Amino acid sequence: MRLPLRFFLPMKDIVVAAVALFLGALGPQSYQQSSFDPLWMLGMIVLLAYSFGRLARLLHLPSMVGWICAGLVVGSSGLELVSLQENDTLLLVRQAAVVWVGFQVGLHVWPLSWLDWKRVGVVLGSTLGVWAIVSASCVLLLGVPWWFALLLGALSCMWEPFTGMPAARRHRAIQVGVVGSAVSLLVMQVELLWLAAVGTLGEDVFPFVGRFFASLLIGALAAGVVRTFSLLPKSVHGLLLGLFVACCASALLFNVVQLHPLPFGFAAGAVLAQGASWRRRLRYILFRIGPMPLLLYFALLGATLNVRVLNAPQSGLLVVLMVSMGALFVLRGIIPALYLRLRGRLQHDLGWELLPRGVLLFELCYAVDFGLLDVLTGPQAILWQQYILSDILISALFYAVLARLAFYLSTRSARK
């Protein structure tokens, strides 16, 4: 019997993934230290993530699901072939990739002419509503301290414009996510500073918050200087090379001074996007590059996460997750779909497009020097760590699949 061609396509990707795993397990890092180990591990994880991404697409899932799963397989959660904590080169690669991701989102912020006070009110109400529901539920159902409940609420209400490729259909969702991120970050930062000021949290919180805003300011100033003095290369190849060098240099510099690379890239992209001509050229270049920086970043993100932390879930973890998911479904998935009416056939899909997240939360928690995972050292620290890990996985995997399904159903109904 002759098998169809579609049978061999996934088989090819499975074989490639198996070969990548075999080479990774028997590579030079398995028995001796070598200066080529980072390149070997990077090549292995890129090959594996590419194969897993293709397999995910064949299953009608987002490619991001395959990329993260590839990182989970070879990272701390799986075979432990890749360790960013012990390899500075891979860490720098991840930071350079996230600068690229932030820059790409920053280019798609403008123009915001469609954003009126009604829509801002919906975003503000959704954010504060999730924060209030989760915080109150944690106090009433779990009996945790009020300050810990406020932190869980602030974590749950965070938005995410950085997850996924900035495609045309996601343009408005990205812009709404940026506005929501500004609101939710303000809630989180104010809480952290207040709790640190009253002595509930340590004094390390102050420089943590300061470094975040310093990174935003530096990115905006650097892009402003580039725009003012017309320092952008004129040719396409020059622009591409300049972006690549800027991402690598900023990752290297920020690793030394312990600044956050994501807000730097976003602020730089948002400032450069003020010029319509440069915005079009830069978007075109990033579109031609495709999803490779995203593939690299999400694969390394998966390799960093350690799912084994969830082997002994803390009491109350499931309750917090269920409450936060329910609040997000209602206040971010349904309400924006009803009130943020955008013209076009994909307007009903907007609410579910606002659910996927993970990049911003991951960068805040798994910072190089000090992150949200380090703000708690008492008895709530384990529940805090498990909730953050679970939220990242659910947001980046389950919500991404849900958004893809909602897009598919809305598109299919529109064709009928």
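Residues numbered from 1 in each chain as written. Predicted model: local features only at pLDDT ≥ 70, side-chain atom pairs only at ≥ 80, totals over all residues. Heavy atoms only, no water.

## Focus: empty space enclosed by the protein
Throughout the structure, instances matching the rule amount to four cavities of 30 Å³ or more. When its volume is computed, the largest cavity comes out at roughly 100 Å³. Looking at the largest cavity, it is lined by 14 residues, and the ones nearest its centre are Q258, L259, H260, A367 and V368. Elements with a minimum of two residues in the lining of the largest cavity: α4 (88-106) and α9 (236-257). Broken down by class, the residue content of the lining of the largest cavity amounts to six nonpolar, four polar and four charged. (1 Å grid on protein atoms, 1.4 Å probe; cavity = no way out; pocket = protein on both sides within 12 Å on 5 of 7 lines; lining within 4 Å. Points joined across faces, edges and corners; volume = space filled by probe spheres on them. Helix = DSSP H or I, 4+ residues; strand = E, 2+ residues; numbered from the N terminus. Nonpolar A, V, L, I, M, F, W, Y, C, P; charged D, E, K, R; others polar.)

## Remarks on the environment of L221
Within the secondary structure layout, L221 lies in helix α8 (residues 205-228). Classification of L221 as exposed rests on a relative accessible area of 54%. Measuring from C-alpha to C-alpha, the distance between L221 and A268 comes to 7.8 Å, with 47 residues separating the pair along the chain. (Buried < 20%, exposed > 50% of the residue type's maximum accessible area, 1.4 Å probe, protein only.)

## Points about the packing of helix α6 (residues 146-156) against helix α7 (residues 171-197)
Interhelical geometry of α6 versus α7 gives an angle of 155° and a closest axis separation of 9 Å. One way to sum up the angle between α6 and α7 is to call them roughly antiparallel. Every pair of crossing elements has a handedness; the one defined by α6 and α7 is left-handed. For the pair formed by α6 and α7, the contact residues are W146, W147, L150, L151, A154 and L155 on the first element and V187, M188, E191, L192, W194 and L195 on the second. A class-by-class count of the residues in the contact of α6 with α7 yields eleven nonpolar, no polar and one charged. (Axes fitted to C-alpha atoms, helices over the stretch in contact; angles between N-to-C directions. Parallel < 35°, antiparallel > 145°, perpendicular 65-115°, else oblique. Left-handed = near helix turned anticlockwise from the far one by under 90°. Contact = heavy atoms within 4.5 Å.)

## Digging into the nonpolar core
Note that soluble globular proteins tend to have their nonpolar side chains buried in a common cluster. Counting residues in hydrophobic clusters, the biggest one holds 98 residues, and the most contacted among them are L372 and W384. The element contributing the most residues to this core is helix α16 (residues 381-415), with 14 residues. Aside from chain neighbours lying at most four places away, what touches L372 is L155, M188, L192, F208, L364, C365 and W384. Ranked by size, the runner-up nonpolar core spans 20 residues in total, among them W100, A223, L282 and I285. (Core = buried A, V, L, I, M, F, W, Y, C linked by side-chain atoms within 4.5 Å.)

## Comments concerning a nonpolar patch on the surface
Among the surface-exposed residues, V139, L140, L141, W146, W194, V198 and V319 lie close enough to one another that they form a single nonpolar patch of about 730 Å² accessible area. Among the elements that line the nonpolar patch, the one with the most residues is helix α5 (residues 117-142), at three residues. By relative accessible area, which is 72% here, L140 ends up exposed. (Patch = residues over 30% accessible without salt bridge, like charges linked within 9 Å, V, L, I, M, F, W, Y side chains within 5 Å. Areas by Shrake-Rupley, 256 points an atom, 1.4 Å probe, with all protein chains shown as cover. Salt bridge = Lys/Arg side-chain N within 4 Å of Asp/Glu carboxyl O.)

## Remarks on the pattern of salt bridges
A side chain with one charge can pair with a side chain of the opposite charge if their charged atoms come near. Under the definition given, this model contains three salt bridges. Two residues, R308 and E80, come together in a salt bridge whose shortest N-O distance is 2.7 Å. Of the two residues, R308 sits in the loop between α12 (292-304) and α13 (317-339) while E80 sits in the loop between α3 (63-74) and α4, which places them 228 residues apart along the sequence. R357 is the salt-bridge partner of D391, the closest N and O atoms lying 2.9 Å from each other. Of this pair, D391 sits in helix α16 while R357 is found in the loop between α14 (350-353) and α15 (359-365), placing the two residues 34 residues apart along the sequence. Classification of D391 as buried rests on a relative accessible area of 5%.

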